[in-house]
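Observations on chain architecture
What follows is the residue order along each chain.
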Amino acid sequence: MESECIYNLLQLPANVEPRAVEELVQGEKKKYLQPDSRKNPKFQELQKVLMEWINGALFREHIVVQNLEEDLFDGLILHHLLQKLAAVSLEVEEIALTAGSQKRKVTLVLDALGRCLQLEESAAKWNVESIFNKDLLATLHLLVAMAQHFQPDLALPADVQVEVLTIESTKNGLKSGKSVEQITGCKDSDQQSKVDVFDELFKLAPEKVNAVKEAIMDFANKKMERLGLSVKNIDTQFADGVILILLIGQLEGYFLNLKDFFLNPSSPAEMVAFVFSSCIMLTWPWTC
């Protein structure tokens, strides 16, 4: 089969050259996302959620991810995420300028992440080559695994599937096949069946909501009085994360360097960063 015919069969994106298929060595496989899958709303929503998650986590580092394919391949952002989420810092250059140093950095970061995620290398749906070569599918698998481990309450779109084309180089030539690959799972039926006590409270006993609010405010004020702070409105004062993170510090005995936080957040981005930090503190004992 000639390469042009294969190229048409694959329906590869315009920026993928036919020669990428021809360069496969015997026994090597390569996956390609179908263009229609890239246009899938759930697939696009997953990318958006993951980018917002990364940008919230790295807000203080002034790092902004705009494209998962182009921005994560050199290991820079993955290393910052590793530092932020798992408190693991590697002895690597901050900005790797050559392909060799970038690949080395990606290797070290993925090795460290693998230990944190407690994944066997054979079980991972990504590797150094795929991340370094800007493989979007592999990058998404990696980020989803990180999000589910470090922030399991992150609302990822459920049941995200993509159609992929796999090309394999065999001794008889190139072999192609289509398949559907799962990126995020379906919502667990057991989790769906679990009853949220607050949902039940709002539904079955709305007249008791104010009493519960008062009890929560009394509890918070007893812990916050040593800081000279008080909670008067639970609906608004917890929204920016300031009271929440200070309360966690009091409950867990954490030392909080107030220079590291926006005690008067003035923008949604600062509020998101504060709330994200409080979530990290809540999950800290088992993040890595």
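This text gives an overview of the structure that appears in the document.

Here is what the cut-offs are and how they apply
- Note on numbering: residues in each chain are counted from 1, in written sequence order.
- Side-chain atom pairs in this predicted model are given and counted only at pLDDT of 80 or more, local residue features only at pLDDT of at least 70, and totals for whole chains, interfaces and linings cover all residues.
- The basis for every side-chain value is the complete set of non-hydrogen atoms in the structure, without hydrogens or water.
- In summary, the pairing rule links any two rings of Phe, Tyr or Trp, Trp by its six-membered ring, whose centres are within 6.5 Å, and it sorts them by plane angle into stacked for under 30 degrees, edge-to-face for over 60 and tilted for everything else.
- A helix here means a DSSP run of H or I that spans at least four residues, while a strand means a run of E at least two residues long, and both kinds are numbered starting from the N terminus.
- Exposure is judged per residue with a 1.4 Å probe applied to protein chains only, and the accessible area is read against the type maximum: over 50% gives exposed, under 20% gives buried, and values in between give partly exposed.
- Counting as a charge over the ring demands two things of the Lys NZ or Arg CZ atom: a distance within 6 Å of the ring centre and an angle within 35 degrees of the ring normal.
- A pair of strands is considered paired only if DSSP assigns at least 2 bridges between the two.
- Only the stretch in contact is used when fitting a helix axis, every axis being a line fitted to C-alpha atoms; angles between N-to-C directions are given from 0 to 180 degrees.
- We call two directions roughly parallel when the angle between them is under 35 degrees, roughly antiparallel when it is over 145, roughly perpendicular when it lies between 65 and 115, and oblique otherwise.
- The hand of a helix crossing depends on one turn: near helix anticlockwise from the far one by less than a right angle means left-handed, and clockwise means right-handed.
- Any pair of residues with heavy atoms lying within 4.5 Å of one another is described as a contacting pair.
- By the convention adopted, Pro, Cys, Tyr, Trp, Phe, Met, Ile, Leu, Val and Ala count as nonpolar, Lys, Arg, Asp and Glu as charged, and the other residues, Gly among them, as polar.

1. A word on the packing of aromatic side chains
- Counted under the stated rule, the structure contains one aromatic pair.
- Aromatic side chains F73 and F132 sit 6.0 Å apart centroid to centroid with 55° between the ring planes, which places their arrangement in the tilted category. Of the two residues, F73 is situated in the loop between α5 (68–71) and α6 (76–86) and F132 in helix α8 (residues 128–132); the sequence distance between them amounts to 59 residues. Judged on exposure class, the residue F73 and its partner F132 are both buried.
- The positively charged end of K134 is found above the aromatic ring belonging to F73, 4.6 Å away from the centroid.

2. Some remarks on the pairing of strand β2 (residues 161–170)
- The sheet contact formed by strand β1 (residues 29–33) and β2 spans five bridges and is antiparallel. Paired with Y32 across the two strands is L165, which belongs to β2.
- Note: β2 against strand β3 (residues 173–182), ten bridges, orientation antiparallel. Bridged to E163 within β3 is V180.

3. Description of the packing of helix α12 (residues 209–224) against helix α14 (residues 242–252)
- Interhelical geometry of α12 versus α14 gives an angle of 65° and a closest axis separation of 9 Å. Taken together, the axis directions place α12 and α14 in an arrangement best described as roughly perpendicular. Crossing handedness for the pair α12 and α14: left-handed. Contacts from F219, A220, K223 and M224 of α12 reach α14 at I243, L246, L247, Q250 and L251.
- Across the contact of α12 with α14, the residue classes tally to seven nonpolar, one polar and one charged.

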